[in-house]
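Next come the chains, spelled out residue by residue.
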Amino acid sequence: MAAAAVSREGTPVSISDEKVNAFKSSLRGRLLAPGEAGYDAARSVWNGMIDRRPAMIAQCVGVSDIQAGVRFARENGVALTIKGGGHNISGLAVSDGSLMLDLSAMRGVWVDPEERVAHAQPGCLLGDVDRETQLHGLAAVLGFVSATGIAGLTLGGGFGYTSRRFGWTTDNVRSMTVVTADGRIVRASEKDNPELFWGLRGGGGNFGVVTDIEYDLYPLGPEIVGGGIAWRAESAPEVLEMYRKMVLDSPPELALVAALRIAPPAPWIDTSAHGKPIIALFACHTGKVADGEKLLAPIKAFGKPVGDIIQKRPYVSQQSLLDATQPSGRRYYWKSEYLPGVTAEMTASAIDHGSKITSPHSAVIFFPLGGAIANHPADHSAVGNRDAAAVFNITAAWDRPEDDDAQIGWARAAWNDMKRFSTGGTYVNFLNEEEAGDRLKDAYGKNYARLAAIKKQWDPDNLFRMNKNIAPA
Ligand SMILES: Cc1cc2nc3c(=O)[nH]c(=O)nc-3n(C[C@H](O)[C@H](O)[C@H](O)COP(=O)(O)OP(=O)(O)OC[C@H]3O[C@@H](n4cnc5c(N)ncnc54)[C@H](O)[C@@H]3O)c2cc1C
C-alpha cells in the first residue's frame, strides 16, 4: 500500500510500501487506505462542511497502537491527526494526506465507586461515561450532548449542566496518561509532571495523545428534575427577562440554557408552533428533587408555553435531551464569546438576531457558567476564563451547500454585533476553522505564554499541530 501522504508542512512525503506494511503489521487494529471498506466512515466527522482524505487511518485498539502511530508519523515526517469523538467544529480530527489515529474503538470506562473516580479511554463519548457512572449513582462533569467526545471536550476545558456546581470538566480530572511526541507513555497529575498536567487541562491536544482520563465523580441522580419548555418567540422579551434574573442567581444545582430558534417538529412541541420561531429554556436541577420542583415551578407556570417536558427524569435522559438537535453530517458554523453576565441589552440583541434565523436548525444560545468555575485562581489550569458568567454560541446549521454563504453570513453578522458583550475571552472548543492566531490568545489570555513554554518542552517540533495550535515558545 503506497500512501499519498503529506508532511506536517503540507508538502508531499513518499513512504515506501515496505514501511507502510511494517507499520500495518505492528498494529492490533486496522490500517485503512483510501477506498477500503470503513475508510469513509472513519474519516467522517460531525461537521458536514469537512471533507478531508487522510493518506491512512490507524484504527487503534490500545495504547501500543497509539504509540506505534506517533512513532511512525514522527519517523516518516507525515502529518498526524487524532480523532476522539470527531465533534470539533473545525474538523481538527482529520486532514488531507495525514496519518489519522482513529481512537473511536477505545470506549472502555472503569468506575471505582469507593474512590469515586472513573478511568475512561479516549474514544469514549460523553454518554459512555454517564451510563457507567450512573450505575453507581455517580457522575462526572461533562457536556450537553451525549455523542460528543470526552477527549476533545476535556482537553479544551469542558462545561455542562453541572459546571456551576463543580467547575470546568477539567477542574474535575485527577490524572491523564499521554503518549508524548517522542513516543513515551507519561502520567500527568498534580504529583506527576504537574506542569504538563496544567497545560493538558485546557491546552487541547497540543502535548500528546491522551490515552486515559481519570475523572472525579460526584453522587448525583439517577433521578433529577429537568427537561425543556418553549414559548412562541413573541414572548421572548418576557421569558428572557425571567431567565436573566434566574440564570446566575439560582443555586449552583440549577443550570438554565436559553435558545432562540425555529421550532423543530418535536413531539413535545404543539404542532401549531412547528416551523415557527420560539424561545426555549432547557433546565437541569441536580440537587434534591423537591428543591428542583420548587425552583422550576415559576418557569412552568410562566405565560402560555407551546411545550413543556420539565419533569422528574433519569440524569442520563437529561444528558441526551439535545442530541437530536445536533446530528452528524449537517453543515455547521459557530461563533461564540464568554460573557461577564447576562444583561437586558444582550438578550435584546439575541432576540434581534434570533428573529433573522432562516434555517430550521440554527440557534442563538446562552449557556450558564460562573458558580464553582470561579472557585480557583485564573491560572489554576490552562483553561482560564474563570471570570465568565455565561457563554453565547451562535450556531448556524443547515443542509445544502448552496446555502453556505447565507447561513455563515447570518452567524457572522450576529457575532459582529454581539461580540461587544464579550469578556474578551472565547472558548477554544467553540472556535471555528478560521479562528486561530489572536483568537487563540483571546481563548487563553495570560495563560498562553505558559502553554507555549510547555509546548516547547513536550513537542518542540510541533508534531501535534492539528488542534488549536500553540506555537512552541
Ligand atoms: C454537538 C456538540 C455539542 C457540544 N457540547 C459541548 C458542551 O456541552 N460542552 C463543551 O465544553 N463543549 C461542547 N462541544 C464542543 C466540544 O468540546 C468540542 O467540539 C471538542 O473538540 C469535541 O471533542 P471530540 O473528541 O469529539 O472531537 P475531535 O474532533 O475528535 O477532536 C477535537 C480535538 O481534540 C484532539 N484530540 C481528540 N482526542 C485526543 C486525544 N486522545 N489526545 C489528544 N488530542 C485529542 C483532536 O486532535 C482535535 O484537535 C460540543 C460540540 C458539539 C459538536
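In case you missed it, the structure is sitting above this.
Residues numbered from 1 in each chain as written. Predicted model: local features only at pLDDT ≥ 70, side-chain atom pairs only at ≥ 80, totals over all residues. Heavy atoms only, no water.

Engineer: Please set out the site of the ligand residue by residue, giving values where relevant.
Structural biologist: Neighbouring residues of the ligand: 34 residues in total, closest G84, G86, F144, F159 and Y427. L153 places a main-chain nitrogen or oxygen 3.5 Å from an oxygen atom of the ligand. Contact with the protein chains covers 97% of the free accessible surface of the ligand, which is 950 Å². Only β5 (80-83), α5 (150-156) and β12 (209-216) provide two or more residues apiece to the shell around the ligand. Residue contributions to the shell around the ligand peak at four residues, all from α5. (Near = heavy atom within 4 Å. Polar contact = N/O pair within 3.5 Å; in protein donor to acceptor, adjacent residues only side chain to side chain. Areas by Shrake-Rupley, 256 points an atom, 1.4 Å probe, with all protein chains shown as cover. Helix = DSSP H or I, 4+ residues; strand = E, 2+ residues; numbered from the N terminus.)

Engineer: A description of the packing of helix α11 (residues 344-354) against helix α12 (residues 404-418) should follow, citing residues and the corresponding values.
Structural biologist: Between α11 and α12, the shortest axis-to-axis distance is 10 Å and the interhelical angle comes to 165°. Regarding the angle of α11 to α12, the classification is roughly antiparallel. Here α11 and α12 pass one another in a crossing that is right-handed. In this structure, α11 uses M346, S349, A350 and H353 to contact α12, whose residues at the interface are W410, A413, A414, D417 and M418. Of the residues belonging to the contact of α11 with α12, the class tally is six nonpolar, two polar and one charged. (Axes fitted to C-alpha atoms, helices over the stretch in contact; angles between N-to-C directions. Parallel < 35°, antiparallel > 145°, perpendicular 65-115°, else oblique. Left-handed = near helix turned anticlockwise from the far one by under 90°. Contact = heavy atoms within 4.5 Å. Nonpolar A, V, L, I, M, F, W, Y, C, P; charged D, E, K, R; others polar.)

Engineer: Any details on the pattern of salt bridges? Residues and values, ideally.
Structural biologist: For the structure on display, the rule yields 29 salt bridges. The salt bridge partner of R107 is D128, with a shortest N-O separation of 2.8 Å. A residue pair is termed long-range when its members are at least 10 positions apart, and R107 in the loop between β6 (99-102) and β7 (109-112) and D128 in helix α4 (residues 126-134) qualify at 21 residues. The residue D417 makes a salt bridge to R420 at a minimum N-O spacing of 3.0 Å. Exposure remark for D417: the relative accessible area of 24% places this residue in the partly exposed category. Look at R420 and you get partly exposed, because its relative accessible area is 48%. (Salt bridge = Lys/Arg side-chain N within 4 Å of Asp/Glu carboxyl O. Buried < 20%, exposed > 50% of the residue type's maximum accessible area, 1.4 Å probe, protein only.)

Engineer: Lay out the packing of helix α1 (residues 17-26) against helix α3 (residues 63-76) with the relevant residues and their values.
Structural biologist: Contact pair α1 / α3: the axes reach a minimum separation of 10 Å and the direction vectors enclose 165°. In terms of orientation, α1 and α3 fall into the roughly antiparallel class. Considering only the axes of α1 and α3, their crossing is right-handed. Contacts between α1 and α3 involve K19, V20, F23 and S26 from the former and D65, A68, G69, F72 and N76 from the latter. Taken together, the residues of the contact of α1 with α3 break down into four nonpolar, three polar and two charged.

Engineer: Please set out unusual backbone geometry residue by residue, giving values where relevant.
Structural biologist: In this chain, G221 is followed by P222 through a cis amide linkage whose omega measures 0°. As for its position among the elements, P222 is in the loop between β13 (218-219) and β14 (223-232). The backbone of R116 sits at a positive phi, close to 55°, despite the residue not being glycine. Locating R116 in the fold gives a position in the loop between β7 and β8 (117-120). Positioned with a positive phi, N385 is a non-glycine residue whose angle comes to about 50°. Tracing the backbone shows N385 in the loop between β20 (363-368) and β21 (390-398).

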